[in-house]
Amino acid sequence: MIPVLSQFTVPVTSVHKIEADGVEVFYRAAGDPNAPVVLLLHGFPTSSFMFRDLIPQLADNYRVIASDLPGFGFTVVPAERNYTYSFDALARTIEAFTDALGLSRYAIYIFDYGAPTGLRLAMAHPERVTAIISQNGNAYEEGLGDAWGPIRTYWSAPTAENRDVLRQNILTLEATRWQYTHGVANPDSVPPESYTLDTALMERPGNKEIQLDLFLDYASNVKLYPTFQEYFRKSKPPLLAIWGKNDPFFIPAGAEAYRKDLPNARIQLLDTGHFATETHFVEIAAAIKEFLAANGVSGQGGSGASR
């Protein structure tokens, strides 16, 4: 008989769907339903799948929830919903998602597109946010790297020609693989299922047009940066900026900039690229647990997780 070693039990991650804002939102969940909530918000071009390794690392202490944004992963937007793909719309859907799950208090983990989405949510409900973990989730002009050049061109001249440049040069398997492997010490260590799944889902009919619409609308996030910064100064959320320092899109200056408005922000740079959870999920989980505990977000269960 093989003994059961409970101390080595890995929390089970389950998958679910729930209707919110007229959208069938797919999400992953793990952990004690009565524990404090950590809401994980992914970025482009991925989904909640990017958190597959991080979720079990956190779920022994927290209720962890990771949704797929509309246009990504396995969230389904019915055609009759006539959804407009903008960051305002993504935030409204995630707000409806948190309401559907009855989440009244949560820490938010914001990455890439998850940053402008989650920060809109935080501004709408500052009383709900216990803390913010920004992993390459930008809110400052100085955090935008040179890799934004072609997209900035599209912002200034949203022509069919510039749109097609992005379609041909960013929405490809090669470009997606590059996003995952650039800045990683050993690129072959990045599991290929990550960028392969992203590419397969992006190849669905109509999805590339969704992504191009969001590229164009990302300019609305840059315009909101001063508003995000005002929220930081007013609400003073505890913030951990943990950053892949070799990210060509969101450079380390974006992490350091948080201290301008949140002097007590914790900054930690990791020797990896944009998708830091692919290579450093153990370090990220440890930093999150230490940070949340230091800011009174108990990892031992308790009230305030949901209504």
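Residues numbered from 1 in each chain as written. Predicted model: local features only at pLDDT ≥ 70, side-chain atom pairs only at ≥ 80, totals over all residues. Heavy atoms only, no water.

Let us look at the layout of surface pockets. Volume-wise, the largest pocket comes out at about 250 Å³. In this structure, the largest pocket is lined by 18 residues; those nearest its centre are Ala147, Ile151, Ile170, Gln179 and Phe249. Breaking the lining of the largest pocket down by element, the ones donating at least two residues are α4 (149-156), α5 (160-169) and α6 (173-181). Residue classes in the lining of the largest pocket are distributed as 14 nonpolar, three polar and one charged. The computed volume of the second largest pocket comes to approximately 160 Å³. Contributing to the lining of the second largest pocket are Gly71, Phe72, Thr75, Val76, Val77, Tyr85, Arg204, Pro205, Gly206, Asn207 and Ile210. (1 Å grid on protein atoms, 1.4 Å probe; cavity = no way out; pocket = protein on both sides within 12 Å on 5 of 7 lines; lining within 4 Å. Points joined across faces, edges and corners; volume = space filled by probe spheres on them. Helix = DSSP H or I, 4+ residues; strand = E, 2+ residues; numbered from the N terminus. Nonpolar A, V, L, I, M, F, W, Y, C, P; charged D, E, K, R; others polar.)

Pairing is mixed across the open sheet formed by eight strands, whose spatial order is β1-β2-β4-β3-β5-β6-β7-β8. Every interior strand has two partners, whereas the edge strands, β1 (14-20) and β8 (266-270), have only one. Neighbour to neighbour, the strand axes of the sheet diverge by 25° on average, direction disregarded. Those strands touched by helix α2 (residues 87-100) are β1, β2 (23-30), β3 (37-41), β4 (63-67) and β5 (106-110), and its axis lies near 110° from that of β1. (Pairing = 2+ DSSP bridges. Axes fitted to C-alpha atoms, helices over the stretch in contact; angles between N-to-C directions. Contact = heavy atoms within 4.5 Å.)

Core analysis: the largest hydrophobic core is formed by 65 residues, its most contacted members being Ile65, Ile132, Phe215, Tyr218, Phe232 and Tyr258. The greatest single-element share of this core, amounting to eleven residues, is contributed by helix α8 (residues 207-235). The residues touching Ile132, leaving out its near neighbours within four places in the chain, are Ile108, Ile110, Leu119, Tyr231, Phe232, Pro237, Pro238, Leu239, Leu240 and Phe291. Membership of the second largest hydrophobic core comes to 33 residues, among which are Leu54, Tyr62, Tyr195 and Ile288. (Core = buried A, V, L, I, M, F, W, Y, C linked by side-chain atoms within 4.5 Å. Buried < 20%, exposed > 50% of the residue type's maximum accessible area, 1.4 Å probe, protein only.)

This paragraph deals with the packing of α6 against helix α7 (residues 192-202). Geometry of a packed helix pair, given as the angle between the helix axes and the separation of the axes. Look at α6 against α7: their axes get within 9 Å of each other, and the N-to-C directions meet at 140°. Relative to α7, α6 is oriented so that their crossing is right-handed. For the pair α6 and α7, contact is made by Leu173, Thr176, Arg177 and Tyr180 and by Ser194, Tyr195, Asp198, Thr199 and Met202, respectively. (Left-handed = near helix turned anticlockwise from the far one by under 90°.)

Right, let's get into the confidence of the model for the protein chain. Put simply, the protein chain has an average pLDDT of 95, and 94% of its residues get 70 or more. Taken as a whole, residues 301-307 scores under 50 in pLDDT and shows 27 contacts with residues more than four places along the chain or in a different chain. (pLDDT = per-residue confidence, 0-100.)

Another aspect to go through is the pairing of β4. With five of five residues buried, β4 is to be regarded as a mostly interior element. Here β4 shows a buried face lined by Arg63, Ile65 and Ser67 and a second buried face lined by Val64 and Ala66. Sheet topology note: the β3/β4 ladder contains five bridges and is parallel. By the bridge assignment for β4, Leu41 is matched with Ser67.

Quick look at α4 now. Buried within α4 we find Ile151, Tyr154 and Trp155. The arc that holds every buried residue of α4, seen down its axis, measures 105°, which confines them to one face. Considering only its buried residues, α4 is in contact with α5 and α8. (Arc of directions from axis to C-beta.)

Let us now look at the pattern of salt bridges. Tallied over the entire structure, the rule returns 16 salt bridges. Linking Glu278 and Arg52 is a salt bridge whose minimum nitrogen-to-oxygen distance equals 2.9 Å. A residue pair is termed long-range when its members are at least 10 positions apart, and Glu278 in helix α10 (residues 277-294) and Arg52 in the loop between β3 and α1 (54-58) qualify at 226 residues. In this structure Glu278 comes out as buried when scored by relative accessible area, which is 8%. Accessibility expressed as a relative area gives 19% for Arg52, which makes it buried. (Salt bridge = Lys/Arg side-chain N within 4 Å of Asp/Glu carboxyl O.)

Tracing the sequence through the fold places Ala124 in helix α3 (residues 114-124). What makes Ala124 partly exposed here is its relative accessible area of 45%. Between the C-alpha atoms of Ala124 and Glu95, which are 29 residues apart in sequence, the distance is 8.8 Å.

Right, let's get into the packing of α2 against α3. Where α2 meets α3, the axes come as close as 9 Å, and the angle between the chain directions of the two elements is 60°. With respect to α3, the axis of α2 lies oblique. Handedness of the crossing formed by α2 with α3: right-handed. On α3, the residues touching Phe87, Asp88, Leu90, Ala91, Ile94, Glu95 and Thr98 of α2 are Pro116, Thr117, Arg120 and Leu121. For the contact of α2 with α3, the class distribution of residues is six nonpolar, two polar and three charged. (Parallel < 35°, antiparallel > 145°, perpendicular 65-115°, else oblique.)

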